[in-house]
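A closer look at the structure
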Amino acid sequence: MITDQLIIKNEKEQSTYTKDSASESPKRSIVKSISWRVVGTLDTILISWVVTGTLSLAFSIGLVELVTKMVLYFFHERIWNSIKWGK
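Residues numbered from 1 in each chain as written. Predicted model: local features only at pLDDT ≥ 70, side-chain atom pairs only at ≥ 80, totals over all residues. Heavy atoms only, no water.

Now for the packing of aromatic side chains. On inspection of all chains with the given rule, the structure shows two aromatic pairs. Ring geometry for Phe74 against Phe75: centres 5.3 Å apart, planes inclined by 80°, an arrangement best described as edge-to-face. Aromatic side chains Trp80 and Trp85 sit 6.4 Å apart centroid to centroid with 55° between the ring planes, which places their arrangement in the tilted category. (Phe/Tyr/Trp six-rings, centres within 6.5 Å; stacked < 30°, edge-to-face > 60°.)

Right, let's get into the pattern of salt bridges. As enumerated under the stated definition, the model contains four salt bridges in all. For Glu24, the salt bridge identified is with Arg28, shortest N-O distance 3.1 Å. The partner of Glu24 in a salt bridge is Lys32, with the nearest N and O atoms 3.4 Å apart. A relative accessible area of 14% places Glu24 in the buried class. Among the ionic contacts, a cluster of salt bridges with common partners joins Glu24, Arg28, Lys32 and Glu77. (Salt bridge = Lys/Arg side-chain N within 4 Å of Asp/Glu carboxyl O. Buried < 20%, exposed > 50% of the residue type's maximum accessible area, 1.4 Å probe, protein only.)

Here we take up a nonpolar patch on the surface. Among the surface-exposed residues, Leu63, Val67, Val71, Phe75, Ile79, Trp80, Ile83 and Trp85 lie close enough to one another that they form a single nonpolar patch of about 870 Å² accessible area. Looking at where Val67 falls in the secondary structure, it is placed in helix α3 (residues 55-82). Relative accessible area serves as the criterion here: at 46%, Val67 is assigned to the partly exposed category. (Patch = residues over 30% accessible without salt bridge, like charges linked within 9 Å, V, L, I, M, F, W, Y side chains within 5 Å. Areas by Shrake-Rupley, 256 points an atom, 1.4 Å probe, with all protein chains shown as cover. Helix = DSSP H or I, 4+ residues; strand = E, 2+ residues; numbered from the N terminus.)

Once that is clear, we can look at the confidence of the model for the protein. Per-residue confidence for the protein gives a mean pLDDT of 81, with 75% of residues at or over 70. Looking across the protein, the model is least confident in helix α1 (residues 2-16), with a mean pLDDT of 54, and most confident in α3, with 91. (pLDDT = per-residue confidence, 0-100.)

Let us look at α3. Think of an α-helix as turning once every 3.6 residues; residues three or four places apart then point the same way. Its 28 residues place the ends of α3 40 Å apart at the C-alpha level, agreeing with the 40 Å of an ideal helix rising 1.5 Å per residue. Of all the residues in α3, the buried ones are Ala58, Gly62, Glu65, Glu77 and Asn81. Where α3 is buried, its residues contact α2 (26-52). (Expected span 1.5 Å × (residues − 1). Contact = heavy atoms within 4.5 Å.)

Our focus in this paragraph is the side chain of Glu65. Residue position: Glu65 is located in helix α3. With relative accessibility at 9%, the residue Glu65 sits in the buried group. Separated by 3.0 Å, the side chains of Glu65 and Thr41 make a polar contact. Apart from residues lying up to four places away in sequence, Glu65 is in contact with Arg37, Gly40, Thr41, Thr44 and Met70. (Polar contact = N/O pair within 3.5 Å; in protein donor to acceptor, adjacent residues only side chain to side chain.)

Shown next, in the form of structure tokens:
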């Protein structure tokens, strides 16, 4: 019974989407990128505010950092997802 379920599940995955079982979809990578960048950007804004003493400058730095690091993280994840080492 368990074997049948595993075989059926495996057949469904192969017929609907061919991918490595350890990989993730680009959509998941995007959501992970956004959630991580929220945390990272809040940290950058706080550090920038402490260093500069200016909240508006801290938010400007945080905004630039939000966009650039989110894009970099997405491509970093996709590249690592294609590397077979350690899987």
